[in-house]
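What the coordinates show
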Amino acid sequence: MSRVKIAPSLLACDLAHIAEEVRSVEAAGADLLHFDVMDGHFVPNLTFGPGLCAAVRRLTRLPLDVHLMVTKPDSLVEPFIEAGANRISVHVEAVTHLHHSLTRIRELGAQPGVALNPATPASALDEVWPLVDFVLIMSVNPGFGGQHLIPETLDKIARIRSDRDHRGARAELLVDGGVEPGNAEALRSLGVDVLVAGTAVFRAADRRRAIAALRGDEQE
């Protein structure tokens, strides 16, 4: 089993000290940084725009993973890529022409991904596996940090991993929502490639230890 990657979600960081926050989790061993972009319509919260992405891009060399939880994701793809995003996921529930959206992300130079809400079936991926570099599986209903992982999503993760392997697809599997050391082992055992974690990292007293615990590394 390959080493799982950890993507701290900036939704949980102290935005008044974002430079220090970014440098802290980078030094603690983060593999990429996750942006939860919300528009107050697709989900009941309002968060980050391309300007913050551009500011963070100047602070770090870590890949920037942008998760568009918005009603019109196509309009934000190019601005976020211009701001330095390396990876962009769009929700299958929000786009009208998923094939076009994913193709456009790749044409603009970023890695395309698909995000699925908890109640969206795994079969929503059937026609787009060849087009995606990663799949973001929501294990909470999106909108707010600090929620508990929905247990039923574990079976869904297993089905998606089975579908991916059966088709010979190479897409990474990400899980986002309620990820913490207490459930990270179960998620790793399901073959998840990237764990997105907000409060479990940014609210930890020792962020290096928190990331190591999520990854399953031995503690000295």
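Calculation rules
- Residues numbered from 1 in each chain as written.
- Predicted model: local features only at pLDDT ≥ 70, side-chain atom pairs only at ≥ 80, totals over all residues.
- Heavy atoms only, no water.
- Helix = DSSP H or I, 4+ residues; strand = E, 2+ residues; numbered from the N terminus.
- Buried < 20%, exposed > 50% of the residue type's maximum accessible area, 1.4 Å probe, protein only.
- Contact = heavy atoms within 4.5 Å.
- Polar contact = N/O pair within 3.5 Å; in protein donor to acceptor, adjacent residues only side chain to side chain.
- Phe/Tyr/Trp six-rings, centres within 6.5 Å; stacked < 30°, edge-to-face > 60°.
- Lys NZ or Arg CZ within 6 Å of the ring centre and 35° of its normal.

A few points about the environment of threonine 153
Within the secondary structure layout, threonine 153 lies in helix α5 (residues 153-167). Classification of threonine 153 as buried rests on a relative accessible area of 2%. It is 25 Å that separates the C-alpha atoms of threonine 153 and histidine 99, two residues lying 54 residues apart in sequence. Excluding residues that lie within four positions of it along the chain, threonine 153 makes contacts with Pro118, Met138 and Ser139. Here isoleucine 150 takes part through its backbone oxygen, which lies 2.6 Å from a polar atom of the side chain of threonine 153.

Let's talk about the packing of aromatic side chains
We describe a pair of aromatic rings using the distance from one ring centre to the other and the angle between the two ring planes. What the rule picks out here adds up to 1 aromatic pair. Between phenylalanine 35 and phenylalanine 48, the aromatic rings sit 6.0 Å apart at their centres with planes inclined by 85 degrees, giving edge-to-face as the arrangement. Separated by 13 residues along the polypeptide, phenylalanine 35 in strand β2 (residues 33-38) and phenylalanine 48 in the loop between β2 and α2 (50-57) bring together distant segments of the chain. Under the relative-accessibility criterion, phenylalanine 35 is labelled buried at 0%. When the ring centre of phenylalanine 134 is taken as reference, the NZ or CZ atom of arginine 87 above it lies at 4.2 Å.

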